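Listed below, chain by chain, are the residues.
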Amino acid sequence: MKLLLAGLFLILAVGTHAQWYNFPREAYQGARDMRRAYDDMIDANWKNSDKYFHARGNYDAAQRGPGGRWAAEVISNGRERVQEFIGRGHEDSAADQQANRWGRDGGDPNHYRPAGLPDQY
């Protein structure tokens, strides 16, 4: 009976968490994607482009897998909480979070791309 339960547990554990070992690597790569989007936003210095870079960073990170999606969510939520704490407008934060979710959920970041933003971004 114990052997049967152990076998059943092993089948369920392996079947549902077959790639748990990839999570840390995906999270690290997702955090790098978020940083790259931030660096590009600073480099571009383009008016009304922040929502595009929010969506792009979250999209790129989420494409890495569950770890990347987790990293994108943690970074995005943390950043918005800090912005709200220091007095940034609630409406802008809500719009940023909408762009973050759009990207994490697989939406095309170009939906938020401002007109005239150079192709390198």
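As a further point, take the pattern of salt bridges. Taken as a whole and judged by the stated rule, the model has 10 salt bridges. A salt bridge links Asp 96 to Lys 51, with the shortest nitrogen-to-oxygen separation between them at 2.7 Å. One end of the pair, Asp 96, is in helix α5 (residues 90-104); the other, Lys 51, is in helix α3 (residues 50-62), and 45 residues separate them in sequence. Taking relative accessible area as the criterion, Lys 51 reaches 16% and is therefore assigned buried. Two residues, Asp 60 and Arg 56, come together in a salt bridge whose shortest N-O distance is 3.7 Å. Taken together, the positions of Asp 60 and Arg 56, both in helix α3 and 4 residues apart, correspond to about one turn of that helix. Residue classification places Asp 60 among the partly exposed positions, given a relative accessible area of 25%. Look at Arg 56 and you get buried, because its relative accessible area is 9%. Each of Asp 50, Lys 51, Asp 92 and Asp 96 takes part in one network of salt bridges that share partners.

Here is what the cut-offs are and how they apply
- Residues numbered from 1 in each chain as written.
- Predicted model: local features only at pLDDT ≥ 70, side-chain atom pairs only at ≥ 80, totals over all residues.
- Heavy atoms only, no water.
- Salt bridge = Lys/Arg side-chain N within 4 Å of Asp/Glu carboxyl O.
- Helix = DSSP H or I, 4+ residues; strand = E, 2+ residues; numbered from the N terminus.
- Buried < 20%, exposed > 50% of the residue type's maximum accessible area, 1.4 Å probe, protein only.

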